[in-house]
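Below, each chain spelled out in residue letters.
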Amino acid sequence: MNDKLGQLWGIGVGPGDPELITVKALHCLQRCPVVAFPAGRHGRPGMAQTIVAPWLQPEQVQLPLWFPYVQDATTLETAWQAAATQVSEYLTQGQDVVFATEGDASFYSTFTYLAQAVQQQQPWAQIQTVPGVCSPLAAAAALGQPLTVQHQRLTILPVMHTLEALETALDQAEVVVLMKVAAVYAQVWQILQRRELLAQSRVVTHISGADQRIYDNLDNHPQLSLPYFSLLIVHCG
Ligand SMILES: C[S@@+](CC[C@H](N)C(=O)[O-])C[C@H]1O[C@@H](n2cnc3c(N)ncnc32)[C@H](O)[C@@H]1O
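Asks: Please provide a residue-by-residue account of the packing of aromatic side chains, values included.
Replies: Centre-to-centre distance and the angle between the planes together describe a pair of aromatic rings. The full count for this structure, using the stated rule, is six aromatic pairs. When the centroid spacing of 6.0 Å and the interplanar angle of 20 degrees are considered together, the rings of Phe99 and Phe111 count as stacked. Residue Phe99 is found in strand E4 (residues 97-101), and its partner Phe111 is found in helix H4 (residues 110-121); the two are separated by twelve residues along the sequence. Across the pair, exposure class does not vary: Phe99 and Phe111 are buried alike. When the ring of Phe107 is compared with that of Tyr108, the centres are 4.7 Å apart and the planes differ by 55 degrees; the resulting orientation is tilted. Owing to a relative accessible area of 23%, Phe107 belongs among the partly exposed residues under this scheme. Pairwise contacts between aromatic rings join Phe67, Phe99 and Phe111 into one cluster. For Arg31, the ring lying beneath its charged end belongs to Trp9, and the centroid distance is 5.4 Å.

This is the structure:
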């Protein structure tokens with residue numbers, strides 16, 4: 001055990017293109033001896049891991065942390081505490097740990113929960129965040145269209161628990177971003193069709209990655225088999 005605790009950094013590494021990491025995040029990534037990230041699924045590397053891979057040195061320890069995609073609070077809390085314990089082992093040895101998270105580290109990111117659990121386990125640990133390029137902003141760049149202008153109101157729905165939430169958002173905002181849209185795309189399409197908003201709606205998948213795809217004529221796409229990394233932007237008017 002080292003007297004001095006290591007520090008935990010949460011860095012947003014952007015939406016996919018490794019060049020969309022900020023200079024500050026890159027310096028932090030290359031300085032820390034231990035690099036943690038969410039473990040991938042089905043034997044494939046995760047998104048954050050793939051983004052940082054070109055920047056890592058062979059001597060850096062890579063620490064995949066397992067986070068389940070479930071709603072159950074107990075299962076989630078158990079996973080966050082287990083991940084925090086793994087991180088704490090390095091911190092108590094005086095080693096700094098950087099956690100790479102896709103997009104921005106404060107925007108619907110696992111880092112929030114990991115940081116809370118680490119702080120519970122290591123109340124004296126220093127934890128810092130380095131912001132990153134989040135997916136709605138990267139989507140606007142990919143579409144070549146500003147996300148918002150002048151006095152437009154923006155609503156971001158992280159996940160649609162009810163279709164009512166979308167109806168309310170479309171009533172109240174000029175621009176609506178739907179994250180995690182893949183699972184509910186068919187229902188969303190029906191609502192956009194009824195409101196005659198399909199022409200002003202676009203889906204972007206794997207933004208800024210080599211396999212980025214833009215669907216901009218949604219009239220022709222009542223059904224789409226979309227990946228998890230998909231978001232939909234509606235410019236209502
Ligand atoms: C848990 S949230 C993570 C958000 C992330 N921290 C950010 O800053 O964008 C995951 C959702 O963000 C959106 N997303 C994140 N990265 C994306 C990308 N590269 N392409 C398309 N959608 C993305 C998708 O809607 C996905 O379901």
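Asks: I'd like to hear about the sheet that holds E4, residue by residue, with values.
Replies: With respect to topology, five strands assemble into an open sheet ordered E3-E2-E4-E1-E5, the strand pairing being parallel. Two strands lie at the open edges of the sheet, namely strand E3 (61-65) and strand E5 (127-130), each paired on one side alone. On average, each strand axis in the sheet is tilted by 25 degrees relative to the strand beside it, whichever way the strands run. Examined bridge by bridge, strand E2 (residues 34-38) and E3 share five bridges and lie parallel to one another. Counterpart to Phe37 in the pairing with E3 is Pro64. Lying over the sheet, helix H1 (residues 23-31) contacts strand E1 (8-12), E2, E4 and E5, oriented at roughly 140 degrees with respect to E1. H4 contacts E1, E3, E4 and E5 of the sheet and is inclined by roughly 165 degrees relative to E5.

Asks: Provide a residue-level description of the side chain of Glu167, including the pertinent values.
Replies: Within the secondary structure, Glu167 is located in helix H6 (residues 163-172). Looking at Glu167, its side chain comes within polar contact range of the side chain of Arg194, at 2.4 Å.

Asks: For the nonpolar core, give the residues involved together with the corresponding values.
Replies: By size, the foremost hydrophobic cluster in this structure holds 24 residues, and its most contacted members are Leu170, Val176 and Leu232. Of all the elements in the fold, those that place two or more residues in this core are H6, strand E7 (175-178), helix H7 (185-194) and strand E10 (230-235). Tallying contributions element by element places H7 first for this core, with five residues. Ignoring sequence-local partners within four residues, the contact set of Val176 consists of Thr155, Leu166, Ala169, Leu170, Leu232, Ile233, Val234 and Cys236. Val87, Phe99, Phe111 and Val118 belong to the second largest nonpolar core, which has 21 residues in total.

Asks: Any details on H6? Residues and values, ideally.
Replies: If you check which residues of H6 are buried, you get Leu166, Glu167, Ala169 and Leu170. One face of H6 carries all of its buried residues, which in axial projection span an arc of 165 degrees. Those residues of H6 that are exposed and angled more than 90 degrees off the buried face are Glu164, Asp171 and Gln172. Residues of H6 that are buried in the fold lie against strand E6 (154-157), E7, H7 and E10.

Conventions adopted
Residues numbered from 1 in each chain as written. Predicted model: local features only at pLDDT ≥ 70, side-chain atom pairs only at ≥ 80, totals over all residues. Heavy atoms only, no water. Phe/Tyr/Trp six-rings, centres within 6.5 Å; stacked < 30°, edge-to-face > 60°. Helix = DSSP H or I, 4+ residues; strand = E, 2+ residues; numbered from the N terminus. Buried < 20%, exposed > 50% of the residue type's maximum accessible area, 1.4 Å probe, protein only. Lys NZ or Arg CZ within 6 Å of the ring centre and 35° of its normal. Pairing = 2+ DSSP bridges. Axes fitted to C-alpha atoms, helices over the stretch in contact; angles between N-to-C directions. Contact = heavy atoms within 4.5 Å. Polar contact = N/O pair within 3.5 Å; in protein donor to acceptor, adjacent residues only side chain to side chain. Core = buried A, V, L, I, M, F, W, Y, C linked by side-chain atoms within 4.5 Å. Arc of directions from axis to C-beta.

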